[in-house]
Structure formats: structure tokens, C-alpha cells
Amino acid sequence: MAAADSPSTALRRRDLCSRGIRLAGKMRADVVDLLDAYVEQQGLDASASVAAVEGVPLAAVERWDEQTGTQRLLENLAAYRAFRALLAQMLEEQREQLGEADAGLGRALAAVLLQVSAFAYHLEELLRLESRGIPGEEEDDGPPPPPRLSLFEQKLRGLGVLRELAQWAVRSVRDLRQLTKPSPATAAAPGLAESP
Amino acid sequence: DGPIQYERVGADVTMKCGSMDWDAAVTWTVNGTDINESHLNGSYLILRNVNLSQSGQYACYEGSSWHLKYQTYLRVGTPPKEPVLMCRSNNYPKGFYCSWHLPTPTYIPNTFNISVIHGTKDMVCEKDAVPKNRCHIRYLQLFSTVKYKVTLTVTNALGKNYTALTFDEFAIVKPDPPESVVAKPVPNNPRRLEVSWQNPSSWPDPESFPLKFFLRYRPLILDQWQHVELSDGTSHTITDAYAGKEYIIQVAAKDNDIGTWSDWSVAVHATPWTEEPKHLTTEAQITETTSASTSSFMAPPTTKICDKGAVVGSGAVAVCWTAGLVVAAYSVLFI
């Protein structure tokens, strides 16, 4: 990282990144299991193509290797915050639809939601380390909530959410690994280029 | 040389001698050799149920003047069967390549056309010079859930065929096998072998996209493999090798997070370290040693071939149990 980086900051970053990598790895494994259970219990076709759903952050990115450290952290944070809201919504819908009938799926969803929240917090810690202000969470920003979806549409959206989350979990591992790499001497140091 | 005429194996072919009348006197040749008149119907050449060996240069000459009236190059072949297509990313995250071949030859020239679509976006698969039936694509996006569809069409003069593959970015990731696998004995350790290897050179960024490895090993004389999975590092010490036995060792690699295992590396052979057995260099000495005579086996004073605790017996006939096993094994071989 940049010359302005103190050894303790570098150590803390490395530590946060390693733990983040483990968190993301575990999260991915759980999301993949949840995806299998979800597909089965919702009676969906696992190979169904789901069009990009509004509000679901896409993991797909161009020129990924050119991103700065700060960009990576900010994009990850925005994504996991969005997933936190989406999963909470799915959990709510799940409870409405099935009550206690599908407690297993509900529990698995809640567990993943917890990990997503934990990971979002982890990312905030990393951003603090970069002396970056953490973007506030915009509660009521953006378009008004879409009209209530039919049950089938809810299920398809759920599939889309979990699939993108699984991709994000892999991307996050890669992003955090990039953060632990020493930055090239000539390139802008990820995260610490602009000092006040 | 004239035009090329393509015909299917098993077809009946009729060749006319240019503008000559049916009843004109002509001579047909194939590759310069006269064709028997039994194949002629008037001035037409009739080839029934053609086979591959009938490919060649056919020419027709006017009877008396020997003027060349017509020639053609006949190529007998088949329309293409469904091609075999394979796509793989051995250089993730840079891109992937697709390669193809026909399950059976057509014996005539074929043209391959490949198209790659990512969602609704057309992508260009750049053909490799070598090998010919291969093209590569650079990833424009990473971590996409949208699938890729690759369609391969093969066309020749007698027909066409095609095949298609649909896959997502992660599914086709398969590194090349590890390189430079080396296995060495460990001095003074009869049950150890030190194995080391390198990341495949085609894997562009092992630091950001680390590989994990799978090692398998067995003594040549046994069929069952031992397996070890290693999440990092490019070396491993085998500690449970059978003393004195030659081992075969292979390593495979996989991206830590996605995709499938590589093929096994080239196999290497190694035998754990053994004490230089001066006393066991001739058959006579071995047989003598195993018959518990007083001319007993004694380790040379400066070297050990067994652990201290493994010595049984005492005095001049002391024999380590591990050495005894080795000796017993040797004696079994020589019986």
C-alpha cells in the first residue's frame, strides 16, 4: 500500500482481509446450500434463466482488475447492504407464504442474512481503515418499492437474489485478496490516494 | 487442373466428357492411367458406389486426336457428423478457449464457424494459428451469472452439421496440470519423500487466484493410491512411504474457489532413502543373512538404518525389526 500506511494499519488491513476472505468463503458455501434448498422447496427449475431483477446488485463487472481498493470496498458494501434488505424481504415473504410450514428454509435464510450483515460490517471496518467516510445508508432513496409481486414472481426473484449473492461471495473473496496485495509503486495506492 | 468434384461415399457418379456426344470415341484416365471400357456408357464414365480410393484426377481424351476434352478432380468424402466441442478456461480470469474436432474424418475440406454469445451480446472468438481448431476469447466481464452460448457449425461440399454448448463463467475453469513435479528422497529418512511442483505457467495470477492441489502417490507394486489435498503451498513431504519401494507420484490443481480439477500431472518416480546395504548386495549374502546364522547382519558402525528403539535381540546378532522386514521382503523376492 502507500508509503503513508503505518505498519499497524497494514497489519490490521491484512487481518481484516483474511477474516473477510474466510467469512465470504463460508457465506458462499451456505448460499449455495440455500440455493439448492430454495430451488427444491419452491418447485423451481435450477437451470431457469432469471432476467436481471430490479434492485438486485449484479456481481458482473468489467475491467475488474483495474479497480482500486476503495472502489472494491464501496461496491461490495453497496451490494451487501442491498442484499441485507432483499434477504429480509424474502424472509418476510417466506413467513407470510408458509408460516411455520417451511421453518428450515426460513432458518437457513435468516442464517445467511446474519452473515451478509456481518460481512457488510466487516467491509465498513475496512473502509474506516482506508480513512474513508462510510457512505450513509439511504433508507428511502431510489424508486418507490415495486408493486407487490405474484407468488411465482417472488420465487423467481428469490432465485435471482440468491444466485447473485453466490457470485458476489466469490467476487468478494477475490476483491479482498486484491486488497492484500502490495500496490504497484506507480499506480494510485488503493484507498489512500487522496489525503486531506 | 480443372474443377473439383465432391461426391459422397457410396454414390453413383456419372462424368460427361465435356461437350462430346454420347457416342463419341473417348478415353478416360484416372491419375494418368487408362480406365477400362467396362466403366463407360458411351462416352460417359460411370462410377458406381464410389469409395475413398477412387478419389483422383479424371481426364477424358478424344479418341484419335488425344485432345484433352475434360478433366476434373474427384474427391470422395462424407458430410460432417456432429462436431465435438469443448470450452475451457485454463487462464482464468483472462478468458477461455474452445476447441473442436470431428468424430470421424470427412476426407474433404471442412470449414468451421464458431459463434459466442454472452446473454444477447455477440463476442468474437479469435482463431488460434496453432492448433488450428481452436479459438480464444477474452472475458469482458467477470462474475457474471449470465451464461455463454457457443455454437459451432461445420460445413463441407457435401453437407453441414452443428453443435452448441451453454455454460457459465465458473463452470469451465480448469487449470492445466502442475508443472515441474519433482520427488526426492530425504536423507536418513527411509519413509519420506519430498515432493515439489510449480503452478501451471498458463495460470496468469496465482497470487490473486490461488490454486489448491491434490497429490496422489502409491508404490509401483500396489494399485491403491493415497491422496492428500493441499490448500496452499507447492510442496509436500510424504511421511508414510514404504521403505525401499519405488513410488509413483502425481499432482493436480484447482482454483481455490471455482471450477474443476486439472488433469493429473506427468508422473514422477522416486524411492525413499535407504542405507547403502553393503551386506545385501549379493544374493548369497541375503540368503545367508535370513537363515539366522552367526555370520549375522550388522549395520556398519558409522551409519544407522533403523531407529534406536526398533532393535530386537542383542549382541552380535542384533537385527532391527525394520531391517528385518526389508531383508524378509528381499528374500521373498528372491525365492
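Cut-offs and rules
Residues numbered from 1 in each chain as written. Chains lettered and ligands numbered in written order. Predicted model: local features only at pLDDT ≥ 70, side-chain atom pairs only at ≥ 80, totals over all residues. Heavy atoms only, no water. Helix = DSSP H or I, 4+ residues; strand = E, 2+ residues; numbered from the N terminus. Buried < 20%, exposed > 50% of the residue type's maximum accessible area, 1.4 Å probe, protein only. Contact = heavy atoms within 4.5 Å. Areas by Shrake-Rupley, 256 points an atom, 1.4 Å probe, with all protein chains shown as cover. Pairing = 2+ DSSP bridges. pLDDT = per-residue confidence, 0-100. Phe/Tyr/Trp six-rings, centres within 6.5 Å; stacked < 30°, edge-to-face > 60°. Lys NZ or Arg CZ within 6 Å of the ring centre and 35° of its normal. Polar contact = N/O pair within 3.5 Å; in protein donor to acceptor, adjacent residues only side chain to side chain. Domains from an automatic or database assignment. Buried area = accessible area lost by both parts, 1.4 Å probe. Salt bridge = Lys/Arg side-chain N within 4 Å of Asp/Glu carboxyl O. Nonpolar A, V, L, I, M, F, W, Y, C, P; charged D, E, K, R; others polar.

Engineer: Kindly report on the overall build of chain A, identifying the contributing residues and their values.
Structural biologist: Helix and strand counts for chain A stand at four helices and one strand. The linear arrangement of helices and strands in chain A, starting from the amino end, is α-β-α-α-α. Buried residues in chain A amount to 43% of all 196 residues. Contacts in chain A between residues at least 24 apart in sequence constitute 87% of all its contacts with a sequence separation of at least 6. Within the structure as shown, chain A displays about 10200 Å² of accessible surface, and the carbon and sulfur contribution to it stands at 55%.

Engineer: Can you tell me about the pairing of strand 21 (residues 226–230) of chain B, naming the residues and giving the values?
Structural biologist: All names here are of chain B. In terms of strand pairing, strand 20 (residues 211–219) meets strand 21 through five bridges, oriented antiparallel. Across the sheet, the residue bridging to Phe 213 is Leu 230, located in strand 21. The antiparallel hairpin formed by strand 20 and strand 21 contains six residues in its connecting segment.

Engineer: Give a detailed account of the pairing of strand 16 (residues 148–156) of chain B, specifying residues and quantitative values.
Structural biologist: Residues and elements named next belong to chain B. Sheet topology note: the strand 11 (residues 111–118)/strand 16 ladder contains eight bridges and is antiparallel. Note on strand 16: the bridge partner recorded for Val 116 is Val 150. Pairing analysis gives nine bridges linking strand 16 to strand 17 (residues 159–167), with the strands arranged antiparallel. Bridge assignment links Thr 153 to a residue of strand 17, and that residue is Tyr 162.

Engineer: An account of the confidence of the model for chain B is requested, with residue identities and associated values reported.
Structural biologist: When pLDDT is low, close inspection of the predicted coordinates is not appropriate. Residue and element names in this part refer to chain B. Here chain B averages 87 in pLDDT, while 82% of its residues score no lower than 70. Of all secondary-structure elements in chain B, the lowest mean pLDDT belongs to strand 25 (residues 311–312), at 42, while strand 23 (residues 247–255) reaches the highest, 98. In this model residues 288–320 is a low-confidence stretch, pLDDT under 50, and it forms 35 contacts with partners more than four residues away in sequence or in other chains.

Engineer: Can you lay out the packing of aromatic side chains for me, pointing to particular residues and giving the numbers?
Structural biologist: For the coordinates displayed, the defined rule picks out 19 aromatic pairs over all chains. Pairing Tyr 92 of chain B with Phe 209 of chain B gives two aromatic rings, centres 5.6 Å apart and planes at 85°, and the pair type is edge-to-face. Taken together, the residues span a long stretch of sequence, with Tyr 92 of chain B in the loop between strand 9 (84–88) and strand 10 (95–101) and Phe 209 of chain B in the loop between strand 19 (189–198) and strand 20 at a distance of 117 residues. Owing to a relative accessible area of 0%, Tyr 92 of chain B belongs among the buried residues under this scheme. On the accessibility criterion, Phe 209 of chain B (1% relative accessible area) is buried. Aromatic pair Tyr 148 of chain B and Phe 167 of chain B: ring centres 5.9 Å apart, planes at 15°, arrangement stacked. Here Tyr 148 of chain B is found in strand 16, whereas its partner Phe 167 of chain B is found in strand 17, with 19 residues between them in sequence. On the basis of relative accessibility, which here comes to 0%, the residue Tyr 148 of chain B falls in the buried class. Phe 167 of chain B sits in the buried class, given a relative accessible area of 7%. Clustering of aromatic rings is evident, with ring pairs tying together Trp 64 of chain A together with Tyr 92, Phe 96, Tyr 139, Phe 143, Tyr 148, Phe 167 and Phe 209 of chain B. For the cation-ring pair, Arg 134 of chain B lies above Tyr 97 of chain B, with the distance from its terminal atom to the ring centre recorded as 3.8 Å. Taking NZ or CZ as reference, Arg 218 of chain B lies 4.7 Å from the ring centre of Trp 225 of chain B, over its face.

Engineer: Break down the side chain of Thr 163 of chain B for me, citing the residues and quoting the values.
Structural biologist: All names here are of chain B. Counting through the fold element by element, Thr 163 comes out in strand 17. The class for Thr 163 is buried, based on a relative accessible area of 11%. Here the side chain of Thr 163 touches Glu 82 through a polar contact of 3.2 Å, side chain to side chain. With sequence-adjacent residues up to four places away left out, Thr 163 is seen in contact with Glu 82, Pro 83, Leu 85, Val 150, Thr 151 and Leu 152.

Engineer: A description of the domain arrangement of chain B should follow, citing residues and the corresponding values.
Structural biologist: Residue and element names in this part refer to chain B. If you check the domain split of chain B, you get domain 1 (4–77), domain 2 (84–167) and domain 3 (179–270). The C-alpha-based centres of domain 2 and domain 3 are spaced at 33 Å. Contact with domain 2, which involves five residues of that partner, is made by five residues of domain 3. Together, the buried faces of domain 2 and domain 3 total about 550 Å²; carbon and sulfur atoms form 73% of this surface. Its largest share of buried area at the contact with domain 3, domain 2 owes to Asn 90, Tyr 92 and Pro 93, together 73% of the area lost on that side. Counting across the interface, domain 2 meets domain 3 through zero salt bridges. Taken together, the connections running from domain 2 to domain 3 amount to zero residue pairs in polar contact (both at pLDDT 80 or more). Per-class residue counts for the side of domain 2 that touches domain 3 are two nonpolar, two polar and one charged.

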